[in-house]
Protein chains: 2
Amino acid sequence: MKILFRNAKILDLTKEKGYFCGSVVVEEDLITYVGEKEPRMAVDKVIDVQGNILMPGFVNAHAHTPMTLLRGAKDDCCLDTWLNEGVWPLEAKMTNEDVYWGQMLGIAEYVRAGITTFDDFYFHYDGMCRAINKAGIRARFCVAVSISSPPNANFDKELEDNYELVKKLTNPKLVNIVATAHAIYTISEEKFFALLKFANKNNLSLSLHLSETLKEVGDCTQKNNGLTPPAYIEQLGMLDRPCLCYHCVHMDKDDLQILADYNASVATCPSSNLKLASGIAPIYAMQNKGLNIAIGTDGAASNNSLDMFKEMFLVATLSKVNIYDASVVSARQVLQMATVNGAKALDINSGEIKVGKNADIILVSLQEPHMQPQDNIISNLVYSAKSSDVYFTMVGGKVLYENGKYNIGEDIETIYKKAEDIRKRLMS
Amino acid sequence: MKILFRNAKILDLTKEKGYFCGSVVVEEDLITYVGEKEPRMAVDKVIDVQGNILMPGFVNAHAHTPMTLLRGAKDDCCLDTWLNEGVWPLEAKMTNEDVYWGQMLGIAEYVRAGITTFDDFYFHYDGMCRAINKAGIRARFCVAVSISSPPNANFDKELEDNYELVKKLTNPKLVNIVATAHAIYTISEEKFFALLKFANKNNLSLSLHLSETLKEVGDCTQKNNGLTPPAYIEQLGMLDRPCLCYHCVHMDKDDLQILADYNASVATCPSSNLKLASGIAPIYAMQNKGLNIAIGTDGAASNNSLDMFKEMFLVATLSKVNIYDASVVSARQVLQMATVNGAKALDINSGEIKVGKNADIILVSLQEPHMQPQDNIISNLVYSAKSSDVYFTMVGGKVLYENGKYNIGEDIETIYKKAEDIRKRLMS
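Cut-offs applied
Residues numbered from 1 in each chain as written. Chains lettered and ligands numbered in written order. Predicted model: local features only at pLDDT ≥ 70, side-chain atom pairs only at ≥ 80, totals over all residues. Heavy atoms only, no water. Contact = heavy atoms within 4.5 Å. Buried area = accessible area lost by both parts, 1.4 Å probe. Salt bridge = Lys/Arg side-chain N within 4 Å of Asp/Glu carboxyl O. Polar contact = N/O pair within 3.5 Å; in protein donor to acceptor, adjacent residues only side chain to side chain. Helix = DSSP H or I, 4+ residues; strand = E, 2+ residues; numbered from the N terminus. Nonpolar A, V, L, I, M, F, W, Y, C, P; charged D, E, K, R; others polar. Phe/Tyr/Trp six-rings, centres within 6.5 Å; stacked < 30°, edge-to-face > 60°. Buried < 20%, exposed > 50% of the residue type's maximum accessible area, 1.4 Å probe, protein only. Lys, Arg positive; Asp, Glu negative; His and termini not counted. 1 Å grid on protein atoms, 1.4 Å probe; cavity = no way out; pocket = protein on both sides within 12 Å on 5 of 7 lines; lining within 4 Å. Points joined across faces, edges and corners; volume = space filled by probe spheres on them. Pairing = 2+ DSSP bridges. Axes fitted to C-alpha atoms, helices over the stretch in contact; angles between N-to-C directions. Least-squares fit on C-alpha atoms with pLDDT ≥ 70 in both.

Draft legend 1. Broad picture of the interface of chain B and chain A. Across the boundary between the two partners, chain B contributes 62 residues, which contact 62 residues of chain A. A buried area of about 4,700 Å², summed over both sides, lies between chain B and chain A, and 60% of it is on carbon and sulfur atoms. It is Asp76, Pro369 and Pro373 of chain B that lose the most area in chain B upon contact with chain A, and together they represent 13% of the buried surface on that side. Summed over the shared surface of chain B and chain A, the number is eight salt bridges. Aspartate 307 of chain A is the partner of lysine 386 of chain B in a salt bridge, and the nearest nitrogen-oxygen pair spans 2.8 Å. Inspection of the chain B/chain A interface yields 31 residue pairs in polar contact (both at pLDDT 80 or more). Counting residues per element, the side of chain B that touches chain A draws most heavily on helix H11 (residues 308-322) of chain B, at seven residues. Its residues placed into classes, the side of chain B that touches chain A shows 24 nonpolar, 23 polar and 15 charged.

Printed below as a string of structure tokens:
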């Protein structure tokens, strides 16, 4: 299958205006041509982009996708209360089947909003994997030791079993796997060491929530002879392999230097950090340390929607207000975080419109009032665009969303109905 | 003309769930029936809301509508630089005709996003009024002494002439008028006194930008024997009439007490305050003082889109992170600010779905993935809805937007083309 996109404004952050007008060809799951001229070749399908934007799909660097089921279930409380009184009691009632439908609802929200890949950390792997596989979307799957596994459990076996299950249920062309610890305040040292052993054995990258709240930082330094969370995980050995750190809200220069020394990546999740009153991440300081900064939505129970446009606006503007300097963290830098940096953080061959890259492509309409005038497209994409401007989402050459039609393996109305029913049961 | 809306989730913030299911009847420009049962009466038109949300249109309590022309023209700088190096030189090239089309583009963005009324402060009143009048939208129009009027000009005459012009060009059923000073750092005391005289004579409310940046507060206290901006305008007499203060970012408890003592209203504009790195407004402290807090978008050159959903999300979540307390400023309170409080601040008979109120009504779709599950509609409206969920906007009984069709007196493609051409000329 060969598809030609013509008459597109193709996002290219190396250009002065941030884009150029031209054509793109996709063959099977890869981009095989990008250029100003339209190539002379026989194709199976032509898509006229009509002067709208063609860009890489967003890479969501941190998510708990099935938490769409809990959207709005516990608002207006801090992370600690939210977990202990809101999320965990509800999650205790969830089944694999529930998680399948929550995952499907999240995937619908992703493709509607131009997110083509997500780093996904949750539980009931069977339900998650079946949905990811059926939808045909790209993901990085977090294999973890469960928070609730008792101290005397066989963590090595739990991890290997989970790993085998995920490999069995997913397509390796679309899903890669990372070894994940929830956080230092939920995972014992024994579990951390089991995870490291597992990651080393299977040559996997690592990830964890890190320095999300002041409470986490305070508790960690008190418990561990003054070691901050980054210093503590450095000591554990978590940074010896490529590591993606979610949140990183409360970090001083020394903390950031530790992450930089090990080439760790950061997934900043601003809307969740605001809503849980966790804080504002020091993005400008991270940039100055040369860290690879990606952007995540976090789960829809905390933020409460899976929208990288919202997150991009927040990363740029919160970074400015945080240090009272409006000149820092530009729209162009933020677009890079949401695409190129995300792909780097998740170790996938996407995030740019270039020959040889995965055909993870979205089309963004310029037809709404908030996108006029079109003099500064990069600014419009970050500061005024909405996820509803996305009208076409392709992952690995397959169209998953187009103008209100979903192609993710389940009927959209069925997904809504199932999610509604499950939510009712969980809340009862 | 009698219109019946049936099968609607009608927003009512006094109800436990924040809404009830029922019908609404509009006759001419007013709401004449609201109830759970469908009334038996002959009507001219029936609109089946199909279980979606029917709610009051948003009241945008602070705007510079024609600045849509300058969207993205000067990003990533602070207010001072933005005004002096970005906005003012470009505005110097603007004509009445330019402002007409900028106003039209802004109105298109408003009705698309469910904004039915806006407090509007700009210049070239002729162009502004013609667009407002032609579109048939509701507005509160700011009549001001120009920043650029020289010290020896006849301010009294300027104000009276402007007032007569606006009255002549607008429909009093849709447009009311407020006497506005730009800010204490741009308007001389002579101009303030002329404005007060004008307001007293014509029995008008007042408004101004206040305590937007630390620079404004610092300069004011230095110049005026330690008086902060609220103390300074109190001394001038600006608070002796009903006054709407835009921004109010940097205010301590004493400042807020001054505004509270005079029953002044506040229009908070969070996205603009973030993007210009001005700061985060102390909303929770304002609530504790009993202030009437409304929400504004500010102009699209600073924020960069006219979207009350974005602002609502920001008011709730920034207020939490600002004092590290996620329990403050709930979704319900923020919805009240964006509707009821806005109507109070602008002195209009809108903002609620009640018999006798203006028929300023919007319909918000619950059909997108980010609005599922529908267990907590109030939370969904503030934390996950987008302005694109609005599919129908009525002002004073007249439908101005419905499912992609604009009914604002000019063709949408013509508006886009004009805005593009004007922007090109301004930037050249």
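Draft legend 2. Representation of unusual backbone geometry. Residue and element names in this part refer to chain A. The amide bond that connects asparagine 303 to the next residue, asparagine 304, takes the cis arrangement and shows omega of -10°. Following the sequence through the fold, asparagine 304 ends up in the loop between strand S13 (292-295) and helix H11 (308-322). Of the consecutive residues glutamine 372 and proline 373, the connecting peptide bond is found in the cis state with omega at -15°. Here asparagine 403, not a glycine, exhibits a phi torsion of approximately 45°, which is positive. Its place among the elements puts asparagine 403 in the loop between strand S16 (398-402) and strand S17 (405-406).

Draft legend 3. Expanded view of the packing of aromatic side chains. Residues and elements named next belong to chain A. A complete count under the given rule lists 18 aromatic pairs over all chains for this structure. Consider the rings of phenylalanine 5 and phenylalanine 392, whose centres lie 5.7 Å apart with planes at 85°: the pair is edge-to-face. With a gap of 387 residues between them, phenylalanine 5 in strand S1 (residues 2-11) and phenylalanine 392 in strand S15 (residues 390-395) connect regions that are remote in the sequence. When its relative accessible area of 1% is taken as the criterion, phenylalanine 392 is described as buried.

Draft legend 4. Layout of the side chain of glutamate 212 of chain A. All names here are of chain A. Relative to the helices and strands, glutamate 212 resides in the loop between strand S10 (206-210) and helix H6 (214-223). Look at glutamate 212: it is buried, it has no salt bridge, and the nearest opposite charge is lysine 275 at 12 Å. For glutamate 212, the side chain forms a polar contact with the side chain of histidine 247, separated by 3.5 Å. Excluding its chain neighbours within four sequence positions, the residues that come into contact with glutamate 212 are Leu79, Tyr185, His247, Val249, His250, Asn273, Leu276, Ser278 and Asp298.

Draft legend 5. A look at empty space enclosed by the protein. Summed over all chains, the structure comprises five cavities of 30 Å³ or more. Here the largest cavity is characterised by a volume of approximately 250 Å³. Around the largest cavity sit 22 residues that line it, and Asp307, Lys310 and Lys386 of chain A together with Asp307 and Lys310 of chain B are the ones nearest its centre. Contributing elements (two or more residues each) for the lining of the largest cavity: H11 and helix H13 (377-384) of chain A together with H11 and helix H13 (377-384) of chain B.

Draft legend 6. Fine view of the sheet that holds strand S13 (residues 292-295) of chain B. Residues and elements named next belong to chain B. Reading across from one edge, S6-S7-S8-S9-S10-S11-S12-S13 is the order of the eight strands in this open sheet, with parallel pairing throughout. In this open sheet, the two strands that pair with only one neighbour each are strand S6 (58-63) and S13. Each strand of the sheet is rotated relative to its neighbour by a mean of 25°, with strand direction disregarded. Where strand S11 (residues 243-247) meets strand S12 (residues 265-268), three bridges bridge the pair, whose relative direction is parallel. Across the sheet, residue leucine 244 finds its bridge partner in S12, namely serine 265.

Draft legend 7. Summary view of the environment of tyrosine 406 of chain A. When you line up the elements, tyrosine 406 of chain A lands in strand S17. It is 31 Å that separates the C-alpha atoms of tyrosine 406 of chain A and serine 428 of chain A, two residues lying 22 residues apart in sequence. Once residues lying within four places of it in the same chain are set aside, the contact partners of tyrosine 406 of chain A are Ala108, Val111, Arg112, Leu400, Tyr401, Ile412 and Tyr416 of chain A together with Glu368 and Pro369 of chain B.

Draft legend 8. How the structure looks around the pattern of salt bridges. Residues and elements named next belong to chain A. The final tally for this structure, using the stated rule, is 44 salt bridges over all chains. The partner of glutamate 38 in a salt bridge is arginine 6, with the nearest N and O atoms 2.7 Å apart. In this pair, glutamate 38 sits in the loop between strand S3 (30-35) and strand S4 (45-48) while arginine 6 sits in strand S1, placing the two residues 32 residues apart along the sequence. Residue classification places glutamate 38 among the partly exposed positions, given a relative accessible area of 39%. Through salt bridges that share partners, Glu97, Asp126 and Arg130 make up one connected network.

Draft legend 9. Structural context of the relation of the copies chain B and chain A. The transformation that overlays chain B on chain A combines an axial shift of 0.0 Å with a rotation of 180°, and the residual RMSD is 0.0 Å. What we have between these two chains is a two-fold relation. Considering only C-alpha atoms, the residue of chain B closest to the rotation axis is serine 388 of chain B, which sits at 3.2 Å.

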